[in-house]
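Below, each chain spelled out in residue letters.
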Amino acid sequence: MMAALSPWWSQRSRREQWLLALTAALLAALLFWLALLRPLALAREAALAEARSAQQQLAHARMLAAAIQARPAPPAGPVLDLIGRRLAEAGLTPARLEAQGPGQAIVEIAAINGRLAIGWAAALEQRDGLVVEELEASRNSDQSVRLRLNVRKAS
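Residues numbered from 1 in each chain as written. Predicted model: local features only at pLDDT ≥ 70, side-chain atom pairs only at ≥ 80, totals over all residues. Heavy atoms only, no water.

1. Remarks on the sheet that holds strand β1 (residues 96–101)
Applicable threshold: Between any two strands, pairing holds if DSSP finds at least two bridges. Numbering goes from the N terminus for both helices and strands, where a helix is a DSSP run of H or I of at least four residues and a strand is a run of E of at least two. Every angle, taken between N-to-C directions, lies between 0 and 180 degrees, and every axis is a line fitted to C-alpha atoms, over only the stretch in contact when it is a helix. Between two residues, a contact is recorded if the distance between any of their heavy atoms is within 4.5 Å.
Judged by pairing direction, the sheet is antiparallel, and its 4 strands sit side by side in the order β1-β2-β4-β3 without closing on themselves. The sheet terminates laterally at β1 and β3 (130–139), the two strands that pair on one side only. On average, adjacent strands in this sheet sit at an angle of 15° to one another, irrespective of strand direction. On top of the sheet, helix α3 (residues 79–90) reaches β1, β2 (104–112), β3 and β4 (145–153); it is set at about 20° to β2, its chief contact.

Pasting the structure below:
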């Protein structure tokens, strides 16, 4: 290939040879950028975005771990007694309150304000160390909510 180009190159003037060499150098630089530098820059940006995402996930995991460590100890007494006290404190009357096994209970409240229901259930978890495994709420005709909770002691 070089033997075929040598006569062609020698037929060019000094100015043409210089212009062709410059064009070849610019083409080589463009190919170097397209084939190597640009993909590396894109890969670097992707890695940085992935690292930021991992840092956010780590921060979130640490926040959850701190919340778990700050969770109160499970109640010492029966779950039914604790839930009964919390119902009385909130002025609520259960339609159903029964044990479902050791450390588990089902609570049903016939009519409660929806916002109060969520706050009350969250307080059971945050303040009393219980876990609300299941929460069912259905709207009553008077805009109150019928609430059913499946609650257990945290392990």
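2. Notes on the domain arrangement of the chain
When the parts of a complex come together, some accessible area is lost, and that lost area is often used as the size of the interface. Selection criterion: Just so you know, the domain bounds were taken from an automatic or database domain assignment.
When the domains of the chain are assigned, the result is domain 1 (12–70) and domain 2 (79–153). Taken over C-alpha atoms, the centre of domain 1 sits 54 Å from the centre of domain 2.

3. What to know about unusual backbone geometry
Threshold: When accessible area is computed with a 1.4 Å probe and restricted to protein chains, residues below 20% of their type maximum are described as buried, those above 50% as exposed, and intermediate ones as partly exposed.
For Gln143, which is not glycine, the phi torsion reads 70° and is therefore positive. Secondary-structure assignment places Gln143 in the loop between β3 and β4. On the basis of relative accessible area, Gln143 is assigned to the exposed category, the value being 55%.

4. Observations regarding the packing of helix α1 (residues 2–10) against helix α2 (residues 14–70)
For clarity, the threshold we go by: Any angle from 65 to 115 degrees is called roughly perpendicular, while one under 35 is roughly parallel, one over 145 is roughly antiparallel, and all others are oblique. Residues were grouped as follows: Ala, Val, Leu, Ile, Met, Phe, Trp, Tyr, Cys and Pro as nonpolar; Asp, Glu, Lys and Arg as charged; and all remaining residues, including Gly, as polar.
Contact geometry of α1 with α2 gives a least axis separation of 10 Å together with a crossing angle of 130°. With respect to α2, the element α1 is oriented oblique. Contacts between α1 and α2 involve Trp8, Trp9 and Ser10 from the first element and Gln17, Leu20 and Ala21 from the second. Of the residues contributing to the contact of α1 with α2, the split by class is 4 nonpolar, 2 polar and no charged.

5. Comments concerning a nonpolar patch on the surface
Under the convention used in this document: Patch membership requires over 30% relative accessible area and the absence of a salt bridge. Like charges are linked within 9 Å, and nonpolar side chains (Val, Leu, Ile, Met, Phe, Trp, Tyr) within 5 Å. Working definition of accessibility: Shrake-Rupley area with a 1.4 Å probe, residue cover restricted to the visible protein chains. The rule for a salt bridge is simple: a side-chain nitrogen of Lys or Arg has to be within 4 Å of a carboxyl oxygen of Asp or Glu.
Together, Leu27, Leu30, Leu31, Phe32, Trp33, Leu34, Leu36, Leu37 and Leu40 line one region of the surface with nonpolar side chains, adding up to about 840 Å² of accessible area. With respect to the helices, strands and loops of the structure, Leu36 is situated in helix α2. Taking the relative accessible area as the measure of exposure, Leu36 reaches 40% and is therefore partly exposed.

6. Here's the deal with the pairing of β3
Judged from the 9 bridges that link them, β3 and β4 form a sheet pairing that is antiparallel. Counted as the bridge partner of Ser138 is Arg146 from β4. The turn joining β3 and β4, which pair antiparallel and follow one another in sequence, is formed by 5 residues; a positive phi near 70° is taken by Gln143.

7. Comments concerning the pattern of salt bridges
Should their charged atoms come close, side chains of opposite charge can pair. If you walk through the whole model with that rule in mind, you get 11 salt bridges. Residue Glu89 is joined to Arg86 by a salt bridge in which the shortest nitrogen-to-oxygen separation is 2.8 Å. Placement of both Glu89 and Arg86 in helix α3 is noted, with a separation of 3 residues, approximately one turn of the helix. By relative accessible area, Arg86 is classed as buried at 15%. The salt bridge partner of Glu133 is Arg152, with a shortest N-O separation of 2.5 Å. Placement of the pair is Glu133 in strand β3 and Arg152 in strand β4, with a sequence separation of 19 residues. Exposure remark for Arg152: the relative accessible area of 22% places this residue in the partly exposed category.

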